[in-house]
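What follows is each chain in one-letter form.
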Amino acid sequence: MKGLLIREFAVLKSTLLWYALVFAVLFVIGTVLGNEGFFLGVGAVASVSLPAVSVAADEKEQWLKFALSGGCSPTKLAASKYIIPGMAGVLVCGLTALIFALMPDNEMSWSMVPLTFTFAFVLLAVMVPLYVKVGIEKGRLIGMICLVAVIAGTVALFGVVNTSSASGVIDILAYCSPILGVGFTAGSVLVTAKIIADKEF
Amino acid sequence: MDILKIENATKRYNDFLLDNVSFTVPGGSVVGFVGENGAGKSTTLKAISGLVRLDGGRIECFGKDVRTLTESERSRIGTVLDDACLPSSVRLKDVGTIMAGMMKNWDSAAYAALLKKFGLSDALMVRELSKGMRMKAAIAVAMSHHADLLLLDEATSGLDPVARDEILDMLYEFVDGENRAVLVSSHIVEDLEKICDYIVFIHKGRIVFVKSADELREEYGIISADETALRALPRGAVLKVRRTPYSTAALVDRRLCGLAAERAGIDEIILFYAKGEDL
């Protein structure tokens, strides 16, 4: 696994620096505007884009073929796709919490912190097997469609549900949601491992 | 002891069938795997490496079905595929670091020594390497984790004659003893003729023959004669013919053919089977 992570880091190295800059800009904008959606957006960018870069490199270098022929297990290969994006998701969540703590007078809800975590991990859980199964180009398109659908659905739901009266329930669900995120991701690793194991080269 | 045993391996694609391929790779041997493009060599090697699933048949490696090999057992197989898929965004020394983190039996000293032998600086980025250099690096990787079986798919293509000669010497040394073997597919027939103990010829998904180098030299010959003379030969003597407007050349079994037949090289045998006809 160590070797796989070194390789993932080598592939993502230059991209991580670029995304760190993008995240910083989005965090500043979100903080200045007091718009919680920006923090969710940062998590989404990490979860959708970092694995895309990794899988695109896999396709170009035929890395899966090389690793599998060298005896690497599909499960380890699959897990290696989640670790760095997952760490980025945790970092985003931590930075969100830090910003909220440093700005106690803001009107943003603390439930956004676990929601940022959950959103990032659920997206990661959906996108990685999609990329590995259908490839980067189709995966990006399908992912974009799913993301738009989720955002549209969420906006519509918040338009229908009386959030002020249900705020306590929503907060509880939000704080419990990381369990969902972790569970989805664990299941997703197994799905991705099966996709890799069933691939033919 | 057979290091590798393939029994009736079958794989169906839309426009190709790997049809009941069977052969073995004995310990202590170098086996050459030859055939024209699209004959099924790479498919067979990929099936051994676990990169394609067979529709029928069985492949055993180290006495075990390849589908049940553990990670540790699979690391006893060193594979060089024809596209040498090393991570391109790292230096060669980082490739060693990556492999050390992936393989239990990784030998960093052996890797460094092989890179030096091949004249490759470990500071080079993989994406800066030429095709030949990349192939040399891939071979260095395959020979740096104490593998007992090497699978080389067109591994010497793109290499200069000096590098090819070095690698052939290394392969020869590699199989010193009964516990190791090499299966090498190549179009560079003179390389195979130099070091292979056995040659496996595959044509259109089927094994045509599995013969030792000595048997090939003794059994296959080429004669030019008119068709009447060829038809007069004993049954089974003429294997394939190639007709031109001016003459007919035949690949013959020298043991059955009373006429003096010039010994056929492996490339001529392949040509007759690929482009020849039945008499």
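Refer to the preceding data block for the structure.
Residues numbered from 1 in each chain as written. Chains lettered and ligands numbered in written order. Predicted model: local features only at pLDDT ≥ 70, side-chain atom pairs only at ≥ 80, totals over all residues. Heavy atoms only, no water.

The next subject is the interface of chain B and chain A. With 26 residues of chain B in contact, the opposing surface of chain A contributes 26 residues. Carbon and sulfur atoms make up 57% of the surface buried where chain B meets chain A, a total of about 2,200 Å² over both sides. Contact with chain A buries area across many residues of chain B, yet Leu51(B), Glu71(B) and Cys85(B) alone supply 26% of it, more than any other trio. The interface formed by chain B and chain A includes three salt bridges. Here Glu200(A) makes a salt bridge to Lys11(B), at a shortest N to O gap of 2.9 Å. (Contact = heavy atoms within 4.5 Å. Buried area = accessible area lost by both parts, 1.4 Å probe. Salt bridge = Lys/Arg side-chain N within 4 Å of Asp/Glu carboxyl O.)

With that settled, the discussion passes to the packing of helix 1 (residues 2-33) of chain A against helix 3 (residues 92-102) of chain B. Where helix 1 of chain A contacts helix 3 of chain B, the axes come no closer than 6 Å and their chain directions differ by 145°. Here Lys2(A), Gly3(A), Leu4(A), Ile6(A) and Arg7(A) of helix 1 of chain A lie close against helix 3 of chain B, whose contacting residues are Thr97(B), Ile98(B), Gly101(B) and Met102(B). Here the residues of the contact of helix 1 of chain A with helix 3 of chain B are counted per class, giving four nonpolar, three polar and two charged. (Axes fitted to C-alpha atoms, helices over the stretch in contact; angles between N-to-C directions. Helix = DSSP H or I, 4+ residues; strand = E, 2+ residues; numbered from the N terminus. Nonpolar A, V, L, I, M, F, W, Y, C, P; charged D, E, K, R; others polar.)

Residue and element names in this part refer to chain B. Despite not being glycine, histidine 146 has its phi angle at roughly 55°, a positive value. In this structure, histidine 146 sits in the loop between helix 5 (131-142) and strand 7 (149-153). Here lysine 204, not a glycine, exhibits a phi torsion of approximately 50°, which is positive. In this structure, lysine 204 sits in the loop between strand 9 (198-203) and strand 10 (206-212).

Let's shift gears to the layout of surface pockets. Estimates place the volume of the second largest pocket at around 540 Å³. In this structure, the second largest pocket is lined by 27 residues; those nearest its centre are Ala197(A), Gly50(B), Val66(B), Arg67(B) and Arg74(B). Those elements giving two or more residues to the lining of the second largest pocket turn out to be helix 7 (167-198) of chain A together with helix 1 (41-49), strand 4 (56-61) and helix 2 (71-74) of chain B. Split into classes, the residues belonging to the lining of the second largest pocket amount to 13 nonpolar, six polar and eight charged. (1 Å grid on protein atoms, 1.4 Å probe; cavity = no way out; pocket = protein on both sides within 12 Å on 5 of 7 lines; lining within 4 Å. Points joined across faces, edges and corners; volume = space filled by probe spheres on them.)

This paragraph deals with empty space enclosed by the protein. Tallied over the full model, the rule gives two cavities of 30 Å³ or more. In this structure, the largest cavity spans a volume of roughly 90 Å³. Looking at the largest cavity, it is lined by 13 residues, and the ones nearest its centre are Phe66(A), Gly70(A), Thr79(B), Met103(B) and His145(B). Listed by contribution, the elements that provide at least two residues to the lining of the largest cavity are helix 3 (63-69) of chain A together with strand 6 (77-80), helix 3 and helix 5 of chain B. Residue classes in the lining of the largest cavity are distributed as eight nonpolar, five polar and no charged.

Once that is clear, we can look at the pairing of strand 7 of chain B. Residue and element names in this part refer to chain B. Of all five residues that make up strand 7, five are buried, and the element is covered over most of its length. Relative to strand 8 (residues 181-185), strand 7 is paired through five bridges, and the arrangement is parallel. Among the inter-strand pairings, leucine 151 is bridged to a residue of strand 8, identified as leucine 183. What joins strand 7 to strand 8 is helix 6 (residues 161-174), and the crossover it makes is right-handed. (Buried < 20%, exposed > 50% of the residue type's maximum accessible area, 1.4 Å probe, protein only. Pairing = 2+ DSSP bridges. Right-handed = clockwise from strand over helix to strand, strands pointing away.)

Membership of the largest hydrophobic core comes to 87 residues, with the highest contact counts inside it found for Leu77(A) and Val182(B). It is helix 5 of chain B that contributes the most residues to this core, seven residues altogether. Non-local contacts of Leu77(A), meaning those with residues more than four positions away in its chain, are made with Leu4(A), Trp63(A), Leu64(A), Ala67(A), Leu68(A), Cys72(A) and Ile196(A). Counting 28 residues, the second largest nonpolar core, distinct from the first, contains Phe23(B), Ala47(B), Ile48(B) and Val66(B). (Core = buried A, V, L, I, M, F, W, Y, C linked by side-chain atoms within 4.5 Å.)

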